[in-house]
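So the chains spell out like this:
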Amino acid sequence: MDIKDMIDAGQTAIGIEFGSTRIKAVMVDLAGKPIAEGGHTWENQYVDGLWTYSLDMIWSGLQDAYAGLLADVEKKYGTVIKTTSAIGFSAMMHGYMAFDKDDRLLVPFRTWRNTVTGEAAAELTKEFGFNIPQRWSIAHLHQAVLNKEPHVPDITFFTTLAGYIHWQLTGEKVLGVGDASGMFPIDSTTRDYNRDYLAKYEALVADRGFAWKLSEILPKVLVAGEAAGSLTEEGAAKLDVSGNLAAGIPLCPPEGDAGTGMVATNSVAVRTGNVSAGTSIFAMIVMEKALSAVHEEIDVVTTPVGDDVAMVHCNNCTSDINAWAGIFRQFAEAIGAPVDTDKLYTTLFTAALDGAPDCGGLAGFNYFSGEPVTGFSEGRPVFARKVDADFSFANFMRLHLYSAVSTLKVGLDILLKDEGVKVDQLLGHGGFFKTKEVGQRIMSAATGGPITTMETAGEGGAWGMAVLALYMASAASTSLSAYLSDVIFAGEKGTTVTATEEEIEGFTKFMETFKATLPIEKAAVESL
């Protein structure tokens, strides 16, 4: 059967992921091989002191990304998509979307990027004895409670972006366990919300007089492989404005971008881990046992099947690199030598490898937004240098690549050194790793160990979501880990890069400068 026949017979699966800057749709065949894709570029908006995306942006972006998938299928195979074996939606984890009894959004979508829930996060962390980061959905809800926001008594349901999309297209108020673990703590033995913490929270707000209980307004938790409803007639029309897509297509549990990153790098088994590096950067390591202490720098979330994962999440990664790339692009155009995007980024990243291992006296912070790992509720991008620094192009670029991973290093040191968490393989994916070897070498210098990238990791979270849809559709009796290893990644070994001792020592020296110059970032936030 050729690909056109597969598409016509519905022997495919579709994954759609809402990233920070791009919505991507991917169609795969039954072996998980990508056969078509579509996309839509978007940016969050800073409105009334909060980062958000409007509902119009969400739906127009989804429809445009799906239309792009349709166009790609028609161009390559001369056919249209009418059905598929399964669809899955994923998105940025955390954040806050709250609805009333009439399904109206009560306040604009508050994304993970907002660092305005410090009081709530601290109170809940103390109450539970479990780290609740600022970006978690329960922190957003509780901060609204503490602020006595007028919408809170009217809440009947709250969820994540992926949960919202899935609900609107299927009518099902459910969430994959990985995404749910960024809303509220999960008990990995029951693969559901932690009952003890639910009881503690409901006791905490009992005197507030709310008509709701937390356990009643959270989405139902599902694990990978479980059925999560099907596309309604209204949902099909909302997704595919051309009207060709049939209702009744099964949907798998909606997931977060952390979960799809684990799938895309085949790192859902114990002692495997991955680093996702794009607009934000986070490391995920599947743990053998619980952490010995509560660390505000480390989240405990889960894999798409509910196993505990230690997560170090940083809000900032490539945004400052992108900003400087824009400056270099403008310079190239000003001298009459315009450069295409691929060549621009390849040149910038490759130059970094010629820089001094410690960046030659340059320093900087890539903080566009707050960074809780280092104690910042706001950010200001900063570049600084010693008077006698070796201010070269190579050192400048190496500094900005180091800056992109330096805050992650702070959290990883706690996890790997202080807690002694073991990891047999660490895989990288995301835009930071796109230029051959460079991102891997920089990350290896930061972690002190090898970094592996898989060819398929470049497909990203949308591909990982398509694989989760495929896993559900296949009704596999095997575990997700075995399914990935035996079916999706069979025969793929990836490419591994290990930094030299000199590079590792150089990054260690750079981190001493990074920590010593944090007061510069503090001053920038206070005065700029």
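Conventions used here
Residues numbered from 1 in each chain as written. Predicted model: local features only at pLDDT ≥ 70, side-chain atom pairs only at ≥ 80, totals over all residues. Heavy atoms only, no water. Helix = DSSP H or I, 4+ residues; strand = E, 2+ residues; numbered from the N terminus. Buried < 20%, exposed > 50% of the residue type's maximum accessible area, 1.4 Å probe, protein only. Contact = heavy atoms within 4.5 Å. Polar contact = N/O pair within 3.5 Å; in protein donor to acceptor, adjacent residues only side chain to side chain. Axes fitted to C-alpha atoms, helices over the stretch in contact; angles between N-to-C directions. Parallel < 35°, antiparallel > 145°, perpendicular 65-115°, else oblique. Nonpolar A, V, L, I, M, F, W, Y, C, P; charged D, E, K, R; others polar. Pairing = 2+ DSSP bridges. Salt bridge = Lys/Arg side-chain N within 4 Å of Asp/Glu carboxyl O. Core = buried A, V, L, I, M, F, W, Y, C linked by side-chain atoms within 4.5 Å. Phe/Tyr/Trp six-rings, centres within 6.5 Å; stacked < 30°, edge-to-face > 60°. 1 Å grid on protein atoms, 1.4 Å probe; cavity = no way out; pocket = protein on both sides within 12 Å on 5 of 7 lines; lining within 4 Å. Points joined across faces, edges and corners; volume = space filled by probe spheres on them.

What follows deals with the environment of T350. Its location among the elements puts T350 in helix α12 (residues 341–352). Note on T350: relative accessible area 38%, which makes it partly exposed. Considered as a pair, T350 and Y201 are 149 residues apart in the sequence and their alpha carbons are 50 Å apart. Those residues in contact with T350, other than ones at most four positions away along the chain, are T435 and V438. Reaching out from T350, the side chain makes a polar contact with the backbone oxygen of T346 at a distance of 2.6 Å.

Between α12 and helix α13 (residues 393–418), the least distance of the axes is 7 Å, while the angle of their chain directions is 95 degrees. Overall, the two elements α12 and α13 adopt an arrangement that is roughly perpendicular. Residues L348, F349, A351 and A352 of α12 pack against F393, A394, M397, R398 and L401 of α13. Tallied by class, the residues present in the contact of α12 with α13 amount to eight nonpolar, no polar and one charged.

Turning our eyes to something else, we now look at unusual backbone geometry. Even without glycine at this site, D103 takes up a positive phi of about 65 degrees. Within the secondary structure, D103 sits in the loop between β7 (97–99) and α3 (118–128). Since its relative accessible area comes to 41%, D103 is described here as partly exposed. The phi torsion at C359 lies on the positive side, around 75 degrees, for a residue other than glycine. One can find C359 in the loop between α12 and β18 (362–365). You can call C359 buried: its relative accessible area is 0%.

What follows covers the sheet that holds strand β6 (residues 86–91). Pairing in this open sheet of five strands is mixed, and the strands run β3-β2-β1-β6-β13 from one edge to the other. The open sheet has two edge strands with one neighbour each: β3 (34–41) and β13 (255–256). Note: strand β1 (residues 12–18) against β6, six bridges, orientation parallel. Within β6, the position partnered with I16 by the bridge is F89. Relative to β3, helix α2 (residues 55–77) is tilted by about 145 degrees, and along the sheet it contacts β1, β2 (22–29), β3 and β6. Of the strands in this sheet, β1, β2, β3, β6 and β13 are in contact with helix α15 (residues 460–474), which crosses β1 at around 140 degrees.

A few words on the pattern of salt bridges. Applying the stated criterion across every chain, the model contains 19 salt bridges. The residue K409 makes a salt bridge to D413 at a minimum N-O spacing of 3.2 Å. Note that K409 and D413 are positioned in helix α13 at a spacing of four residues, about one turn of the helix. Note on K409: relative accessible area 10%, which makes it buried. Members of the salt-bridge network, linked through shared partners, are D100, K101, D102 and R104.

What follows covers the nonpolar core. Grouped together as the largest cluster of nonpolar side chains are 127 residues, with contacts concentrated most on L141, Y201, L214 and F432. Broken down by element, the residue count for this core peaks at 12 residues, all from α13. Sequence-distant contacts of L214, defined by excluding residues within four places in its chain, comprise I138, L141, F158, F184, L198, Y201 and E202. Judged by nonpolar contacts, the second largest core, of 43 residues, contains A25, M57, L69 and M92.

As enumerated under the stated definition, the model contains 33 aromatic pairs in all. Relative to W167, the ring of F157 has its centre 5.1 Å away and its plane inclined at 75 degrees; by these criteria the two rings are edge-to-face. A residue pair is termed long-range when its members are at least 10 positions apart, and F157 in strand β8 (residues 157–159) and W167 in helix α5 (residues 161–170) qualify at 10 residues. Across the pair, exposure class does not vary: F157 and W167 are buried alike. Centre to centre, the rings of F328 and F396 are 6.2 Å apart; their planes meet at 80 degrees, and the pair counts as edge-to-face. Highlighted residues: F328 in helix α11 (residues 319–334) and F396 in helix α13, separated in sequence by 68 residues. The exposure class assigned to F328 is partly exposed, which follows from its relative accessible area of 25%.

Its boundaries defined by the atoms lining it, the largest pocket holds a volume of some 1500 Å³. Listing elements by their share of the lining of the largest pocket, those giving two or more residues are β2, α10 (257–264), β14 (272–277), α11, α12, β20 (425–429), α15 and β22 (495–497). A per-element tally of the lining of the largest pocket places α12 first, with five residues. In the lining of the largest pocket, the residues fall into 13 nonpolar, 25 polar and 10 charged. Quantified by volume, the second largest pocket comes out at close to 320 Å³. The element that contributes the greatest number of residues to the lining of the second largest pocket is strand β16 (residues 299–302), accounting for three residues. A breakdown of the residues in the lining of the second largest pocket according to their chemical character gives 11 nonpolar, eight polar and two charged.

Glancing now at the environment of P381. Examined against the element boundaries, P381 turns out to sit in the loop between β18 and β19 (382–385). By relative accessible area, P381 is classed as partly exposed at 39%. Sequence separation of P381 and P133 is 248 residues, and the distance between their C-alpha atoms is 23 Å. What P381 contacts, discounting residues up to four positions off in sequence, is D320, F365, Y367 and F368.

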